[in-house]
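An overview of the molecular structure
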Amino acid sequence: MLRDYQIEICEKVNEAFKAHRSVMVQMPTGTGKTMVLATLVIKILKDERIKGRSGKILIVAHRRELIEQIQNTLKKVFFFENSPVPSAEGATAHISVMSIQWLSRNIDMVRKKPDLVIIDEAHHALAKTYQMLWTAWPEAKFLGLTATPYRMSGDGFTDLFEVLVDSWSVKRFIADGWLSPYDYYSIRPDSEEQKEIDSLKKRGADGDFQMKELREKLDVRPSIERLFESFERFAFDKKGIIYAIDIAHAKHIAEFYRLQGVNAVAISSKTPAKERAEVIRTFKDENRIQILVSVDLFSEGFDCPDVEFIQLARPTLSLAKYLQMVGRGLRPCKGKQCCTIIDNVGLYRAFGLPSVDRDWGTFFYGLKDERIKELKNNDLNLNFLGLHNDSLSDGRDENLVKIVSHEGMRSQFTKLSMAGFERRKKGKVWVWIDRTNGVEFDRHPKVIYYRGMEMSTADGDSFFPRISSKWIDAKHGISRKALETQVGDGIGWMKLYISFAMPDKVLQLQAVKPNLARIYKDEQGKVFLQQDPDHAPICEEEAGGRKAFMTLCDKEQKAWEETKKSIRKSSLKYDAKKGWWQLPEGSIYRHRPVLRKRGFVELLYDGDVVYILNIREERFMPYRNWEIRADERICAIGNKLYFCKEKDMGSYRIKKRSDDFRMFVVEERYPNRNPNTMEFDEFIIINEAGKKLELKTL
């Protein structure tokens, strides 16, 4: 039985064929394109029969597994005059399923010209071998099916297909339960793995990374060991697929995993057909194989809903390859809570999350140089959001951060799928309205993610949470700089606050107490209390009342002050050989120290205590995570301001600052004097780059 979206897409295709000869259909990976194909075949053959014609349909695929999948689906759903559909290569019945490889050599052997040619995985159709089909059968109609109408070259598909029919967004499929929610882990932008990938300069004939350079950089023991560490940390008891660089890399990964006691099998197009079929059957049906390691054999047309994790060990410059790979894990299955995606090669930074809304029409019609540049700039909005915030990192793995969690994803997407953007004329100009928050834009906005929270932006500089609230409007955007420097549980700006624990609620700051506790109210006047920015706000009743909560915060603040005193008296030292921070008597810290960067600031984490390593004035001073805000130029700690280029010259004392951390009013800096114990009468207005704009005397 067809699902609602499959019925909808079939109706759209039938309508499109009334006006066009060739139609391309886009449906996300895992949403049943083959079932749609079979249904359209039934409809077309019935129509031809009514007209008194036999009708001839040719289905073209580029892999044996795809051909078998299509044949099996047709046999399950299609009976014409009580006979199963004959569907072998070269068949002369109403329907033939053939490989493009066979057709490229034997197209003259196709005796009866097809009335309809269906191209599966049609994003490959720009290859010359496909183009000859249009030349050979100029009277036929053509239907292309793909999850990703995208070419790395930026070329469109309009020389072959006249129109694109696209299905729902990935968000809506997840919201309605047709695709699985997911957890997404990615390497940090300042990790050694990301630096290694960023250093890749050579390109292959297809425009993607050169295989030789990939092998030299990534098919090495340390890299494979890190892959296993990530798998062990996030997906050890899950069934999944790992995507490798090439066949040798796949074998090396599988061998290493087996040495660790994990049943992993490398499989490729070079694997003998019978052996490959048996491995796939065992993986699907018997669960005796936990992991399949492949190059891209399972990036298209592979149907195994109980795949619980995808590990990306293969960098690519192709959006299509990325989405095909991660899409293998998004099929829902009974008992499957979510899919875990482990991105060990930083593809998130290039392409965004699998559920990001994409304008497939733009890719279908082709990208000119300037349009490619514009889209890449929009993608950059995804690169800095979340990844520069090291509070996302699980302290047990310093190189991987959790970008988004499956928890609450379905309900959040349900709300978002109901409200998109509306184009409306205002006076003489057209504007775009975000129907979620009511914000008005002068051009079509983009949607980006920040730690699981959707935001709309038209310029990449001002961001608006997609939440319905009287406090969210065009005057209350969050600047890029403010997002880059966010730390803690949520986002704070202009006395507003959104907790990641309550992403659908906007709170307004009422007061900050001496013990650093914060008091908020929501739109209904309900009071929320927050111990500090590292903790989520809780309602006053849940906290046991304001008085009890403040008493708790007083105790926590006092305990922290005692901790700072004890640490400052300890005279820390760093053992570079062992990588440990030690006390004078040699005792080791209670947690494994983790080195990270936040902007230009080098940090060392020991549990909840954070130390700054590369600002002389702050060395060995203990802080909490949320107290340090930094980017590549500035660092603000309380009322102290440091600039990267002057980090060894001491701090300025901040009197006031703009909400977006771009402008500061500071006291003039005097060398060798403590700014916290002096009073000044000269103040400087200074920008984020450290340029002094104005001097004021009070």
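So, a few notes on the structure that sits alongside this text.

Rules and cut-offs
- Residues numbered from 1 in each chain as written.
- Predicted model: local features only at pLDDT ≥ 70, side-chain atom pairs only at ≥ 80, totals over all residues.
- Heavy atoms only, no water.
- Helix = DSSP H or I, 4+ residues; strand = E, 2+ residues; numbered from the N terminus.
- Expected span 1.5 Å × (residues − 1).
- Buried < 20%, exposed > 50% of the residue type's maximum accessible area, 1.4 Å probe, protein only.
- Arc of directions from axis to C-beta.
- Contact = heavy atoms within 4.5 Å.
- Pairing = 2+ DSSP bridges.
- Axes fitted to C-alpha atoms, helices over the stretch in contact; angles between N-to-C directions.
- Parallel < 35°, antiparallel > 145°, perpendicular 65-115°, else oblique.
- Left-handed = near helix turned anticlockwise from the far one by under 90°.
- Nonpolar A, V, L, I, M, F, W, Y, C, P; charged D, E, K, R; others polar.
- 1 Å grid on protein atoms, 1.4 Å probe; cavity = no way out; pocket = protein on both sides within 12 Å on 5 of 7 lines; lining within 4 Å.
- Points joined across faces, edges and corners; volume = space filled by probe spheres on them.
- Salt bridge = Lys/Arg side-chain N within 4 Å of Asp/Glu carboxyl O.
- Core = buried A, V, L, I, M, F, W, Y, C linked by side-chain atoms within 4.5 Å.

1. A look at helix H10 (residues 247-259)
For an α-helix, the turn length of 3.6 residues means that residues three or four places apart are oriented alike. For H10, built from 13 residues, the straight-helix expectation of 18 Å at 1.5 Å per residue is met to within 8% by its first-to-last C-alpha distance of 19 Å. Residues of H10 that are buried: His249, Ala250, Ile253, Ala254, Phe256 and Tyr257. Projected down its long axis, H10 carries its buried residues within an arc of 165°, all on one side. Taken together, the buried residues of H10 touch helix H8 (211-218), helix H9 (221-234), strand S10 (240-243), strand S11 (264-266), strand S12 (291-294) and strand S13 (309-312). Just beyond H10, the residue with positive phi is Gly261, at close to 90°.

2. A few points about the pairing of strand S37 (residues 652-657)
As defined by bridge partners, strand S36 (residues 640-643) adjoins S37 across two bridges and the pair is classed as antiparallel. Bridge pairing links Leu641 to Tyr652 in S37.

3. Comments concerning helix H11 (residues 273-286)
With 14 residues, H11 should cover 20 Å at 1.5 Å per step; its first-to-last C-alpha distance of 19 Å lies within 8% of that length. Here H11 has its buried residues at Arg276, Val279, Ile280, Thr282 and Phe283. End-on view of H11: buried residues confined to an arc of 155°, all on one side of the axis. For H11, exposure combined with an orientation more than 90 degrees from the buried face picks out Lys274 and Asp285. At the C-terminal side of H11, Asn287 shows a positive phi close to 60°.

4. Points about the sheet that holds strand S5 (residues 95-99)
Reading across from one edge, S5-S2-S6-S7-S1-S8 is the order of the six strands in this open sheet, with parallel pairing throughout. Each edge of the sheet is formed by a strand with only one pairing partner; in this case those strands are S5 and strand S8 (163-166). Neighbour-to-neighbour, the strand axes of the sheet open up by a mean angle of 20°, direction not taken into account. Sheet topology places strand S1 (residues 22-26) next to S8; four bridges connect them, and they run parallel. The residue of S8 that forms the bridge with Val25 is Val165. Contacting S1, strand S2 (57-61), strand S6 (116-120) and strand S7 (141-146), helix H5 (residues 128-136) runs over the sheet at an angle of about 170° to S6.

5. Structural notes on the packing of H9 against H10
Here H9 crosses H10 at 55°, and the two axes come no closer than 10 Å. Viewed along their axes, H9 and H10 adopt a mutual orientation that is oblique. Along this stretch, H9 crosses H10, giving a crossing that reads as right-handed. Here Arg221, Ile224, Glu225, Leu227, Phe228 and Phe231 of H9 lie close against H10, whose contacting residues are His249, His252, Ile253, Phe256 and Tyr257. Across the contact of H9 with H10, the residue classes break down as seven nonpolar, two polar and two charged.

6. Observations regarding empty space enclosed by the protein
What the rule picks out here adds up to three cavities of 30 Å³ or more. Its boundaries defined by the atoms lining it, the largest cavity holds a volume of some 100 Å³. Lining the largest cavity, in full, are Glu193, Leu218, Ser223, Arg226, Leu227, His249, Ala313, Asn344 and Val345. If you add up the space inside the second largest cavity, you get close to 40 Å³. Along its surface, the second largest cavity is lined by Asn515, Leu516, Gln531, Asp532, Cys553, Glu556, Gln557 and Arg624. Per-class residue counts for the lining of the second largest cavity are two nonpolar, three polar and three charged.

7. What about the side chain of Thr340?
Within the secondary structure, Thr340 is located in strand S14 (residues 339-343). A relative accessible area of 2% places Thr340 in the buried class. When near neighbours in sequence (up to four residues on either side) are disregarded, Thr340 contacts Asp183, Tyr185, Phe234, Lys238, Glu308, Phe309 and Ile310.

8. Quick notes on the pattern of salt bridges
Under the criterion given, the structure shown has 19 salt bridges. The salt bridge involving Glu196 is made with Lys217; its shortest N-O contact spans 3.5 Å. Of this pair, Glu196 sits in helix H7 (residues 192-198) while Lys217 is found in helix H8, placing the two residues 21 residues apart along the sequence. With its nearest N and O atoms 3.7 Å apart, the salt bridge here joins Arg624 to Glu627. Of the two residues, Arg624 and Glu627, neither departs from the other in class, the shared state being buried.

9. Description of the nonpolar core
Ranked by size, the top nonpolar core spans 128 residues in total, and within it Leu133, Leu143, Phe161, Tyr182, Tyr184, Tyr257 and Leu312 carry the most contacts. In this view, Tyr182 contacts Ile174, Leu330, Cys338, Cys339, Ile341, Leu353, Pro354, Ser355, Val404, Ser405, His406 and Met409; residues no more than four positions away in its chain are not counted. Formed by 24 residues, the second largest nonpolar core is a distinct cluster that contains Trp432, Tyr450, Ala458 and Ile491.

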